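What the coordinates show
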Amino acid sequence: QVQLVESGGGLVQPGGSLRLSCAASGFTFSTYFMSWVRQAPGKGLEWVSDINSDGGRTSYADSVKGRFTISRDNAKRTLYLQMNNLKPEDTAVYYCAKGLVRRTVVAGLKPDYWGQGTQVTVSS
């Protein structure tokens, strides 16, 4: 079965950096788009970024563009999110998801396959 396990979250000061990882199993990782979404306290899911199967094409929400970088290592079946210049408004639980989920999330729905999430807290 599909399994997605996120890690790398934590508490960081404004302006700091974190690198999230998502270990994937149960499907042919190298053939799928992958996405990151997040959920801030008291808010709905927000699409953050996605990447195509070979890592050659990426997309970002305006709120993170220029600060976050999505990448993947198909040999390791792992998705990454490098987060720089973090802001308090980036505080959220971050989830990786299988496939393209931007429209799903914008519609207020949940992705078919997503992990358990990793907490990122940006605070001084």
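Below: a short report on this structure. What you see is a predicted model; the values in this text were computed from it and never measured. (Residues numbered from 1 in each chain as written. Predicted model: local features only at pLDDT ≥ 70, side-chain atom pairs only at ≥ 80, totals over all residues. Heavy atoms only, no water.)

Glancing now at the nonpolar core. Among the nonpolar cores identified, the biggest contains 33 residues, and Trp-36, Phe-68, Leu-79, Leu-81, Met-83 and Tyr-94 are the most heavily contacted of them. Of all the elements in the fold, those that place two or more residues in this core are β3 (18-25), β4 (34-39), β5 (45-51), β7 (68-73), β8 (78-83), β9 (92-98) and β10 (118-122). In this structure Tyr-94 touches Glu-6, Leu-20, Val-37, Arg-38, Val-48, Phe-68, Leu-81, Met-83, Gly-117, Thr-118 and Val-120, once residues within four positions along its chain are discounted. (Core = buried A, V, L, I, M, F, W, Y, C linked by side-chain atoms within 4.5 Å. Buried < 20%, exposed > 50% of the residue type's maximum accessible area, 1.4 Å probe, protein only. Helix = DSSP H or I, 4+ residues; strand = E, 2+ residues; numbered from the N terminus. Contact = heavy atoms within 4.5 Å.)

By definition, the strands of a sheet pair up through backbone hydrogen bonds, in either a parallel or an antiparallel sense. The four strands lie next to each other as β1-β3-β8-β7, forming an open sheet whose pairing is antiparallel. Of all the strands in the sheet, the pair left with one neighbour each is β1 (3-7) and β7. Averaged over all pairs of adjacent strands, the angle between their axes in this sheet comes to 15°, without regard to strand direction. Relative to β3, β1 runs antiparallel, the two being bridged by five bridges. Within β3, the position partnered with Glu-6 by the bridge is Cys-22. (Pairing = 2+ DSSP bridges. Axes fitted to C-alpha atoms, helices over the stretch in contact; angles between N-to-C directions.)

Applying the stated criterion across every chain, the model contains one disulfide. Residue pairing for Cys-22: its cysteine sulfur links by disulfide to Cys-96, the two sulfurs lying 1.9 Å apart. Between Cys-22 and Cys-96, the disulfide has an S-S torsion of 50° and is therefore right-handed. Of this pair, Cys-22 sits in strand β3 while Cys-96 sits in strand β9; the two residues are 74 residues apart in sequence, bridging distant segments of the chain. Across the pair, Cys-96 and Cys-22 agree in class, each one buried. (Disulfide = S-S within 2.5 Å.)

Attention now goes to the pattern of salt bridges. Going through the model one piece at a time under the given rule, you end up with four salt bridges. For Glu-46, the salt bridge is made with Arg-38, and the minimal N-O distance between the two is 2.8 Å. For Glu-46, a relative accessible area of 31% corresponds to the partly exposed category. A residue is classified by how much of its surface remains accessible, and Arg-38, at 5% relative accessible area, is buried. A salt bridge links Asp-62 to Lys-65; its shortest N-O distance comes to 3.2 Å. (Salt bridge = Lys/Arg side-chain N within 4 Å of Asp/Glu carboxyl O.)

With that settled, the discussion passes to the packing of aromatic side chains. By the definition in use, this model includes three aromatic pairs. For the ring pair Tyr-95 and Trp-114, a centre distance of 4.8 Å and an interplane angle of 50° mean the geometry is tilted. Within this pair, whereas Tyr-95 is found in strand β9, its partner Trp-114 is found in the loop between α1 (102-106) and β10, the two being separated by 19 residues in sequence. Here the aromatic cluster, defined as three or more aromatic residues joined through ring pairs, consists of Phe-27, Phe-29 and Tyr-32. When the ring centre of Tyr-80 is taken as reference, the NZ or CZ atom of Arg-19 above it lies at 3.9 Å. Here the basic side chain of Lys-98 rests over the ring of Phe-27, its NZ or CZ set 5.4 Å away from the ring centre. (Phe/Tyr/Trp six-rings, centres within 6.5 Å; stacked < 30°, edge-to-face > 60°. Lys NZ or Arg CZ within 6 Å of the ring centre and 35° of its normal.)

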